[in-house]
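# Fold and contact review
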Amino acid sequence: MNFDEQMMQRCIQLAQNGFGDTYPNPMVGCVIVHNGKIIVEGWHEKAGKPHAEVNAIHQIHDKEILKQSTLYVSLEPCAHHGKTPPCADLIIQHQIPKVVIGTIDSFAKVNGLGIQKLKDAGIEVISGALEIECRDLNKRFFTFHQEKRPYVILKWAQTADGFMAIENGEQKWITNEYSKQLVHKWRTEEQSILVGTKTAETDNPQLNARLWNGNQPIRLVLDKELKLNQNLNLFDRNQKTIIFSEKEKANQENLEFIQTSFDKNLPDSILQKLHEIGIQSVIIEGGKKTLESFIQKDLWDEARIFTSSESWDSGIKSPEIHGKMIHSKKIISDKLEIFTR
């Protein structure tokens, strides 16, 4: 790994500090180097707050040093006025002679315009340092803007012999407490979480992050006929909840109703609706029918599958999925495997 890649690796590490807090913005990290050493670091902490480049530059008291420095940033500096001024303008203002960028920002209002603005100002621009890693960092953001849908994560737990639920529909935990806590951490990192009607009815889930401190996801529920009992945990109004149904119903406090057809294109319709309201990521938690509807449509990006050490010998079989395994680890008695499409 050369020096530019080492600096970009640090940018990625810094950017991850904003995981779950930057929506709808991407995660971005920045370092400024002078005479071969990092002099300041910054990252985008939260939507509406200063961007990574701004946080780094504003830490420097003697701005003259910037004229002999190199700025590294994991994502192309913005060139448009949003909630904050363009970062490209700030870089130009301080006459930073060289900028190294991880990857181009595919958002329509940037998409090469930041790089062009820097070059037009006479700044040397190098792009593509750890580009694959920088794109992976913001896979939710890129999927949302390029594919016009949220990033889809499938998640389920299964026994060693491949069952995800018992036949009579009663709830029975499969994974251990550490795996459960990890799932709650994931919920703080993604914008929404979806379950089907049967899962909502049978398991009565809360779909919140009780076991990890962070943001609560938007709960998404499929209820074709609006028959779910309003006393279920999902209707407690403690966090925003969206119900997809074929029937029309007026919105209530923290309860939003979206009318859509429950036909073979339901997964596409759900993702289209989520894109329209700006949701960049969704965890599909079940049940089997809901998970399989997204698998059959090839509308998924990651599958996170827990396998316990116990066997049931019977029950409801887990979905079948084909993808590339990118991660595997033991969590005490459980095994977690993560696949990409």
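In this text the structure is predicted, and so the values were computed from the model without any measurement.

Our next topic: unusual backbone geometry. Going from tyrosine 23 to proline 24, the amide bond is cis rather than trans, its omega being 5 degrees. Tracing the backbone shows proline 24 in the loop between α1 (3-15) and β1 (29-34). Cis geometry marks the peptide bond from glycine 286 to glycine 287; its omega dihedral reads 5 degrees. Position of glycine 287 among the secondary structure elements: in the loop between β12 (281-286) and α10 (288-296). Positioned with a positive phi, leucine 130 is a non-glycine residue whose angle comes to about 50 degrees. Tracing the backbone through its elements, the reader meets leucine 130 in the loop between β5 (124-127) and α5 (131-137). Residue asparagine 254 is not a glycine yet carries a positive backbone phi of 65 degrees. Here asparagine 254 lies in the loop between β10 (241-245) and β11 (255-259). Asparagine 254 gets classed as partly exposed once you look at its relative accessible area, which sits at 31%.

What follows is about the domain arrangement of the protein chain. Its domain assignment divides the protein chain into domain 1 (3-139) and domain 2 (148-340). Relative placement of domain 1 and domain 2: their C-alpha centres are 35 Å apart. Contacts between the two partners involve 6 residues from domain 1 and, on the opposite side, 9 residues from domain 2. Buried surface at the junction of domain 1 and domain 2, summed over both partners, amounts to about 690 Å²; 46% is from carbon and sulfur atoms. Summed over the shared surface of domain 1 and domain 2, the number is 1 salt bridge. Here glutamate 302 makes a salt bridge to lysine 139, at a shortest N to O gap of 2.8 Å. Put simply, domain 1 and domain 2 have 6 residue pairs in polar contact (both at pLDDT 80 or more) between them. Residues belonging to the side of domain 1 that touches domain 2 are distributed by class as follows: 3 nonpolar, 1 polar and 2 charged.

Cut-off values and rules
Residues numbered from 1 in each chain as written. Predicted model: local features only at pLDDT ≥ 70, side-chain atom pairs only at ≥ 80, totals over all residues. Heavy atoms only, no water. Helix = DSSP H or I, 4+ residues; strand = E, 2+ residues; numbered from the N terminus. Buried < 20%, exposed > 50% of the residue type's maximum accessible area, 1.4 Å probe, protein only. Domains from an automatic or database assignment. Contact = heavy atoms within 4.5 Å. Buried area = accessible area lost by both parts, 1.4 Å probe. Salt bridge = Lys/Arg side-chain N within 4 Å of Asp/Glu carboxyl O. Polar contact = N/O pair within 3.5 Å; in protein donor to acceptor, adjacent residues only side chain to side chain. Nonpolar A, V, L, I, M, F, W, Y, C, P; charged D, E, K, R; others polar.

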